[in-house]
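Residue strings, one per chain:
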Amino acid sequence: MTDTLAKLPQGSTLPDVVIEYRDVRKQYGEFVALAGVNLEVRRGQVVCLIGPSGSGKSTLLRCTNGLETMSSGEVYFDGMPLSKDPRKNRLIRQRMGMVFQNFELFPHKTALGNIMMGPMTVLGLSEEKARTRAEALLAKVGLSEKASNYPANLSGGQQQRVAIARALAMEPEVMLFDEPTSALDPETIGEVLNVMKRLADDGMTMVVVTHEMTFARRVADHVVVFANGQIVEQGRPEQIFDAPQTTRTRDFLSHLGWDG
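A brief report on the enclosed structure follows. Quick caveat: nothing in here was measured; it's all calculated off a predicted structure.

**Focus on empty space enclosed by the protein**
- In total, this model carries one cavity of 30 Å³ or more according to the counting rule given.
- The volume enclosed by the largest cavity comes to roughly 30 Å³.
- The element best represented in the lining of the largest cavity is helix α6 (residues 186-201), accounting for three residues.
- Partitioning the lining of the largest cavity into residue classes produces four nonpolar, no polar and two charged.

Pasting the structure below:
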């Protein structure tokens, strides 16, 4: 991990709640993926979800923007509950950007074309305005020289940075990251985390499912520990990593070899 991941300065107060989970439950047959999750995400916060694989983190993220349907409970965005009507959900989803672990880029479009597509087809931007926005975002993620490259000609880290730029092109209020570095080689992880760190510095509200403990410790405002579909502990990163209160959290961090 690079030394550029400095701890965010503390704000005097936290702004309003932008995402609220109320007793969110998700079950696949006999398997309980989420067993009653209650959580608030405040505007401008970076919230990192950590815990063992299969503990419900990614499921919660996918319930946030309607990619998964909850078995019961509610998710509120800016005080509005997610609807059972997909058409109404689409309007809320447009206010959230999501970055997946496997990039999900269109292979037949260039880096620039991938970023331009959403603003043109969903937001109705002209080609000229979409191109201007896309070029600015490629510069933001440090890939201006790769605008004409197709995904097959980009490294994994470059593809993920294009995916972040594509999500930002929709001008979301919240960014959701589902293990954005898990498919990357160790040498490319840092370049993606540095882009995310800059977004955090800019005040973007972010919910991040991650196994990168150094990132969570240095960048998160709030860390949430999952196990067996439940939140077992949550709090400031210094509390979670330096003085965990539950055996589940201590065992999880010890298994990772976390030493602070």
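**With respect to the packing of helix α3 (residues 111-121) against helix α4 (residues 127-140)**
- Where α3 contacts α4, the two axes come as close as 8 Å, and the packing angle between them is 130°. Here α3 is positioned oblique relative to α4, judged by the angle of their axes. When you trace α3 past α4, the crossing you get is right-handed. Of the residues in α4, those touching α3 at Ala-111, Leu-112, Ile-115, Met-116, Pro-119 and Met-120 are Glu-127, Ala-130, Arg-131, Arg-133, Ala-134, Glu-135, Leu-137 and Leu-138.

**Concerning the packing of aromatic side chains**
- Per the counting criterion, the structure on display carries zero aromatic pairs.
- Positioned over the ring face of Tyr-76 is Arg-22, at 4.2 Å from the centre of the ring.

**Quick look at unusual backbone geometry**
- Despite not being glycine, Glu-104 shows a phi value in the positive range, around 60°.
- Relative to the elements of secondary structure, Glu-104 occurs in the loop between β6 (96-99) and α3.
- With phi around 55°, Asn-228 is a residue other than glycine that occupies positive phi space.

**Remarks on the sheet that holds strand β2 (residues 31-42)**
- Taken together, the four strands give an open sheet; going across it, the order is β2-β1-β4-β5, and neighbouring strands pair in antiparallel fashion. Looking at the sheet topology across the chains shown, the edges are occupied by β2 and β5 (80-81).
- In the sheet, strand β1 (residues 17-28) pairs with strand β4 (residues 72-77) via five bridges, with the strands oriented antiparallel. Each bridged residue has a counterpart across the sheet, and for Glu-20 the counterpart in β4 is Tyr-76.

**What about the environment of Lys-26?**
- With respect to the helices, strands and loops of the structure, Lys-26 is situated in strand β1.
- Sequence-wise, Lys-26 and Ala-243 are 217 residues apart; in three dimensions their C-alpha atoms are separated by 30 Å.

**Here's the deal with helix α1 (residues 57-64)**
- For α1, a buried count of seven out of eight residues is recorded, marking the element as mostly surrounded by other parts of the structure.
- Looking only at α1, the buried set comprises Lys-57, Ser-58, Thr-59, Leu-60, Leu-61, Cys-63 and Thr-64.
- Directly beyond the C-terminal end of α1, a positive phi value near 85° is found at Gly-66.

**Thoughts on the nonpolar core**
- Ile-50, Ile-164, Met-175, Phe-177, Met-196, Met-206 and Phe-241 are the most contacted members of the largest nonpolar core, which has 51 residues in total.
- No other element matches α6, which puts seven residues into this core.
- Apart from residues no more than four positions distant in its own chain, Phe-241 is found in contact with Ile-50, Met-213, Ala-216, Arg-217, Val-223, Leu-253 and Trp-258.
- Counting residues in each nonpolar core, the second largest holds 26 residues, with Leu-34, Leu-60, Met-98 and Val-209 among its members.

**With respect to the environment of Val-47**
- Note that Val-47 resides in strand β3 (residues 46-50).
- Separated by 169 residues in the primary sequence, Val-47 and Ala-216 have C-alpha atoms spaced 8.4 Å apart.
- Excluding anything up to four places from it in sequence, Val-47 contacts Val-41, Met-206, Val-207, Val-208, His-222 and Val-224.

**Observations concerning the packing of α3 against helix α5 (residues 156-168)**
- Close contact between α3 and α5 brings their axes to 8 Å; oriented N to C, the two are set at 25°. In terms of axis orientation, α3 runs roughly parallel to α5. Two packed elements cross with a definite hand, and for α3 against α5 that hand is right-handed. Taken together, the residues of α5 that come into contact with α3 (itself represented by Ala-111, Asn-114 and Ile-115) are Val-162, Ala-165 and Arg-166.

Reading guide: rules and limits
- Residues numbered from 1 in each chain as written.
- Predicted model: local features only at pLDDT ≥ 70, side-chain atom pairs only at ≥ 80, totals over all residues.
- Heavy atoms only, no water.
- 1 Å grid on protein atoms, 1.4 Å probe; cavity = no way out; pocket = protein on both sides within 12 Å on 5 of 7 lines; lining within 4 Å.
- Points joined across faces, edges and corners; volume = space filled by probe spheres on them.
- Helix = DSSP H or I, 4+ residues; strand = E, 2+ residues; numbered from the N terminus.
- Nonpolar A, V, L, I, M, F, W, Y, C, P; charged D, E, K, R; others polar.
- Axes fitted to C-alpha atoms, helices over the stretch in contact; angles between N-to-C directions.
- Parallel < 35°, antiparallel > 145°, perpendicular 65-115°, else oblique.
- Left-handed = near helix turned anticlockwise from the far one by under 90°.
- Contact = heavy atoms within 4.5 Å.
- Phe/Tyr/Trp six-rings, centres within 6.5 Å; stacked < 30°, edge-to-face > 60°.
- Lys NZ or Arg CZ within 6 Å of the ring centre and 35° of its normal.
- Pairing = 2+ DSSP bridges.
- Buried < 20%, exposed > 50% of the residue type's maximum accessible area, 1.4 Å probe, protein only.
- Core = buried A, V, L, I, M, F, W, Y, C linked by side-chain atoms within 4.5 Å.

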